[in-house]
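Here's the letter readout for the chains.
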Amino acid sequence: MATESLSALKAEAMTQASVAPIDYAVIMPVIVCFLFGAALLMMRKKVAWHPIVAIPGLVCLLAADLALLWRVATGGPVTMMMGGWKPPFGIAFTADMMGAIFVTVAGFVALCAGIYATASVPGSERRYGFFPFLFLMMGGVSGAFVTGDIFNLYVWFEVLLIGSFGLLILGSQHEQLDGATKYCFLNLVGTTLFLIATGYLYGIFGTLNMADIAEKAKAMEDTTPIFTLAVLYFVSFSMKAAAFPLQSWLPASYHTPRFVTSALFAGLLTKVGVYAAIRVLLMLFPPERAEMAPLFAWVAALTMVFGAFGALAQSDLRRFLNYAVIVGIGNIMVVLALPAAVPGEGGLAMSVGLSGAILYAVHSIVVMTALYLAAGVAAHLAGTSSLHEMGGLWRNNPLFAAVMLVLLFAVSGLPPFSGFWPKVALVRATIAGDLPWLAASILVSGFLLTIASARVFALGFWRPLPAASAADTRAEKNAIVAERFTAAGPEKALSAIPLLALCSFVVIAGVWPQWLLDLTDAAANGIIDPAPYITSVFGGVR
Amino acid sequence: MRTIIFRFTAPYLTSLMVLFSIFVLLRGHNEPGGGFIGGLIAASAFAIYGIACGVAPVRRALYFHPMTLAGGGLILAVLSGVLSIVFGIEFLTGLWAFPTFLGTEVALSTPLFFDIGVYLVVVGAISTIALALEEREDD
Amino acid sequence: MEVALCFVVAALFAVALYLLLSKHIIRMLLGVVLLGNAVNLLIFTNGRIGPIAPPIIPDGAEVPLEAVANPLPQALILTAIVISFSFFAFLLVLAYRAYQDLQTDDTDRMRVAEPEDEGLPPLGY
């Protein structure tokens, strides 16, 4: 009797169907990160072995990501319930097209940064856990992209934050402690806001499963509380993504750690915030988001313009890049300002704009990582990253200067590189959505950023070496800087390979964008109409 | 803090607390307790030992570096979830076996190994922080 | 009960925000601790205050014998406590190191990463 009723209860509470092996791809990126991170933690004293374990680990991560992307592209969104508990009670991991694209690009840049790091991170910092922290952060990033539970999203945010804290203070320079203090406090307050919003959300809906929330929010009659939720989530994600007026922590901290750490932060961390904003505001609360669109339009426009003017005012290569990140965030935020996609009326603005925004995020992840890595090489070659003292890199190293030029073109959104097509899509969407002034601000900020990048290239690469910083002062400074940056020069294959890989992605995405556009179109459709997402979570349950 | 009474009692107190933490860990499946709270008890035991007798004896007594313990625990916890892949069920689903050992039925399950993993992670992480802070006091 | 808790949450938030607005890191740290507690209490209140019996099924039964407390907010709070505890430990060490290295705990005087007298970038060559 007892066993019978127990199995009846189990049938009620647990999923019964067996899982196809390929469906484990949902959880694999996180498993790979934690297994390799823990293994590296256990052999922390054998620093020589770290790269030998870490690089295959990152290759495994990328392979798992690609398997997930393939699974989602061929079979639609895929869900796994932790521990086999039925939704909405169990924690769901759900990967749809958008999550799969983000997680794959994240794996790609992590592999590139990992290869670069084997050349540039000295043994002492490996001993303090560069690679374990890298895997911890990648575990958090991957988890955030594939989770289908909003509290779980908060947990992954914290996991990636702990990893990023560790990477940020590795080395403990004065600058780093200063930047880390600001970064840590601001991000902690941001995630606390996220937690507050999640607490309210649980109070209102009584569930934390995203698919369940999407359905319940649609069926809700009095939507006033949802506006409060949407604003709270927007503020906390803007803080993570560094959108105006909550952006000042980013230029205060991102240039302080090692170049490879900055590269990962600039590529991935702000994009996690953008991803979460798109996921929560556009998929869970679309009507409320559309009502507040004018507010988001101002935030997006001011973020871009602020970033562009900030970039113009910088006299240091790395700090210029900090502001270039912010311009990218402003461009992606444009999607939140577009009018809602109404089924039957075309909804061109939203579908084109969302696809463009996801493509922009992909472009931004790759190009910002590549730019910081390239800045590391440039600082190593020139002995400084200050534009007052750099110069002559074109003459000494034309191939590397050409790579830098491609990346600067891409970040400014000039054809034929990867930054061009998403901007075209976003401008087209804003005009279709009757927001011509927002289209103008995209173009103006792009123009200002072009001027700023051109000046960086002219001063740092094109001009001959300035006389003032030549000879004796340089030699002295080189010794100090070389010790601090220890970025590898491009003559070392280990720093050239990742740079060339990232750069060729930038070129390929600019010249043959169609395959990428197909993927991002599918991702955008999955957000606008979340029915397949919801079906994948609840499956045969309802 | 290093009075003779404290130094004399600390090893006994520590061993009792570690024993109790293992009891709490194993009791955790059906009753209050579990890896997290057990790990906290064990970590505070090592912290007390460190306060009484200095950090070096604690490190010697632990044999492994606390971070190594944490890494091993994490691997154990993840692997106990991964085992469900072999059986074609969802990640982290509990798997049970009831082997008989010396005439007694022993309930072995993946949640137990997951809990042991959590226990090791908590012991490792908290003792790392605690020992680092105690070392700082010395200089 | 809920009303009383609401006032406690409001008071904790007020104190936490006041402390976070300070220029001194040590006060901001205390603010962060209070903020974490305020949020935990907020989640607890949001889960509704119901029966107080612990959600544990006794031996031999398969369902709880009486109405039990909602375990989910408690699980959320436990997670949040663990996370805020580890963050606090990290921030404490960081603040201490920053104080040692930068000789100040006043955030207005922490200008190493963003120097004040930077001047204009080169305007030509």
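From a predicted model like this one, the values you see are computed outputs, not experimental measurements.

Here's the deal with the overall build of chain A
For chain A, the helix and strand inventory stands at 24 helices and 2 strands. A compact globule built from 542 residues should have a C-alpha radius of gyration of about 24 Å, and chain A, at 23 Å, falls within 12% of that. Per-residue burial over chain A gives 65% buried out of 542 residues. Within chain A, contacts between residues separated by at least 24 positions form 82% of all contacts whose residues are at least 6 apart in sequence.

Here's the deal with the overall build of chain C
If you tally the helices and strands in chain C, you get 3 helices and 0 strands. Listing each helix as α and each strand as β along chain C from the N terminus yields α-α-α. In terms of overall dimensions, chain C is more spread out than a globule: its C-alpha atoms have a radius of gyration of 23 Å, far above the 14 Å expected for 125 residues. Seen through its C-alpha atoms, chain C measures out along the principal axes to roughly 85 × 35 × 30 Å.

Brief notes about the pairing of strand 1 (residues 78–81) of chain A
All names here are of chain A. Taking every second residue as pointing to the same face, both faces of strand 1 are buried, with V78 and M80 on one and T79 and M81 on the other. Summarising the sheet, strand 1 and strand 2 (residues 92–95) pair through 4 bridges and their orientation is antiparallel. Residue M81 lies in a different strand from strand 2, and its bridge partner there is A92.

A few points about the interface of chain A and chain C
Opposite the 37 residues of chain A that make contact, chain C presents 33 residues. For the side of chain A that touches chain C, the residue count by class is 20 nonpolar, 13 polar and 4 charged.

Describing the packing of helix 4 (residues 97–120) of chain A against helix 6 (residues 130–146) of chain A
Residue and element names in this part refer to chain A. Closest axis-to-axis distance for the helix 4/helix 6 pair is 9 Å, and the angle between their directions is 170 degrees. One element, helix 4, and the other, helix 6, form an angle in the roughly antiparallel class. Here helix 4 contributes G99, F102, V103, A106, A110, G114 and A117 to the contact with helix 6, which in turn contributes F130, L134, M138, V141, S142, F145 and V146. Along the lines of polarity and charge, the residues of the contact of helix 4 with helix 6 split into 11 nonpolar, 3 polar and no charged.

Some points on the UniProt feature "transmembrane region" (unreviewed entry) in chain C
The positions that UniProt labels "transmembrane region" (unreviewed entry) are, in the present scheme, residues 75–96 of chain C. The annotated region residues 75–96 of chain C carries 100% helix and 0% strand content, and the separation between its end C-alpha atoms amounts to 32 Å.

Description of the confidence of the model for chain A
When pLDDT is averaged along chain A, the result is 86, and 92% of the positions lie at 70 or above. Segment residues 482–488 of chain A: pLDDT under 50, and 19 contacts once partners within four positions in sequence are set aside and those in other chains are kept.

A few points about helix 22 (residues 493–511) of chain A
Residues and elements named next belong to chain A. Across its 19 residues, helix 22 extends 26 Å between first and last C-alpha, which sits within 8% of the 27 Å expected from 1.5 Å per residue. Every buried residue of helix 22 is listed here: S495, A496, P498, L499, L502, C503, F505, V506, A509 and G510. Close packing links the buried residues of helix 22 with helix 4, helix 16 (348–382), helix 18 (398–412), helix 19 (420–432) and helix 23 (514–528).

Details of the environment of L161 of chain A
Residues and elements named next belong to chain A. With respect to the secondary-structure elements, L161 resides in helix 7 (residues 150–169). A tally of 25 C-beta atoms within 10 Å means that L161 is categorised as buried. Measuring from C-alpha to C-alpha, the distance between L161 and N187 comes to 7.9 Å, with 26 residues separating the pair along the chain. Beyond its immediate stretch of four places on either side in the chain, L161 contacts N187 and T191.

Considerations on unusual backbone geometry
Residues and elements named next belong to chain A. Here the bond from F244 into P245 is cis, since omega is 0 degrees, no more than 30 degrees from zero. Within the element layout of this structure, P245 appears in the loop between helix 10 (224–241) and helix 11 (249–253). A cis geometry characterises the amide bond from P415 onward to P416, with omega recorded as 0 degrees. Residue position: P416 is located in the loop between helix 18 and helix 19. In this structure, A242 is a non-glycine residue whose phi angle is positive, near 65 degrees. Tracing the backbone shows A242 in the loop between helix 10 and helix 11.

Describing the environment of L58 of chain A
All names here are of chain A. Mapped onto the secondary structure, L58 falls in helix 3 (residues 50–75). Residue L58 is classed as buried on the basis of its 26 C-beta neighbours within 10 Å. Along the sequence, L58 and A110 sit 52 residues apart, while their C-alpha atoms lie 7.0 Å from each other. In this structure L58 touches A110, L111 and G114, once residues within four positions along its chain are discounted.

Considering the nonpolar core
All names here are of chain A. Core analysis: the biggest nonpolar cluster contains 279 residues, and I101, A300, A370, A374, L407 and V506 have the highest contact counts within it. The element contributing the most residues to this core is helix 16, with 25 residues. Setting aside anything within four residues of it in sequence, one finds V506 in contact with V366, V367, A370, V406, L407, A410, F417 and S418.

Things to note about the packing of helix 2 (residues 35–53) of chain B against helix 3 (residues 55–62) of chain B
Residues and elements named next belong to chain B. Where helix 2 contacts helix 3, the two axes come as close as 7 Å, and the packing angle between them is 140 degrees. The angle between helix 2 and helix 3 places the two elements in the oblique class. Of the residues in helix 3, those touching helix 2 at F46, Y49, G50 and C53 are V55, P57, V58 and L62.

What about the confidence of the model for chain C?
As a note on interpretation, predicted positions should not be read in detail where pLDDT is low. Residue and element names in this part refer to chain C. Residues of chain C with pLDDT of at least 70 account for 100%, and the chain-wide mean is 86. The least confident element of chain C is helix 3 (residues 71–102), whose mean pLDDT is 87; the most confident is helix 1 (residues 2–20), at 93. Confidence estimates for the predicted assembly give a pTM of 0.91 and an ipTM of 0.93.

Section: the environment of F93 of chain A
All names here are of chain A. In this fold, F93 is placed in strand 2. On the basis of neighbour counts, which here come to 23 C-beta atoms within 10 Å, the residue F93 falls in the buried class. C-alpha separation for the pair F93 and T79, spaced 14 residues apart in sequence, amounts to 5.6 Å. Every residue in contact with F93, bar those within four places of it in the chain, is listed here: V26, I27, T79, M80, M82, V146, T147 and G148.

What counts as what
Residues numbered from 1 in each chain as written. Chains lettered and ligands numbered in written order. Predicted model: local features only at pLDDT ≥ 70, side-chain atom pairs only at ≥ 80, totals over all residues. Helix = DSSP H or I, 4+ residues; strand = E, 2+ residues; numbered from the N terminus. Rg over C-alpha atoms; globule rule 2.2 N^0.38 Å. Buried ≥ 20, exposed ≤ 12 C-beta atoms within 10 Å, placed from the backbone. Contact = placed C-beta atoms within 7 Å. Pairing = 2+ DSSP bridges. Nonpolar A, V, L, I, M, F, W, Y, C, P; charged D, E, K, R; others polar. Axes fitted to C-alpha atoms, helices over the stretch in contact; angles between N-to-C directions. Parallel < 35°, antiparallel > 145°, perpendicular 65-115°, else oblique. UniProt positions renumbered as here; feature names shortened; annotations may be inferred. pLDDT = per-residue confidence, 0-100. Expected span 1.5 Å × (residues − 1). Core = buried A, V, L, I, M, F, W, Y, C linked by C-beta atoms within 7 Å.

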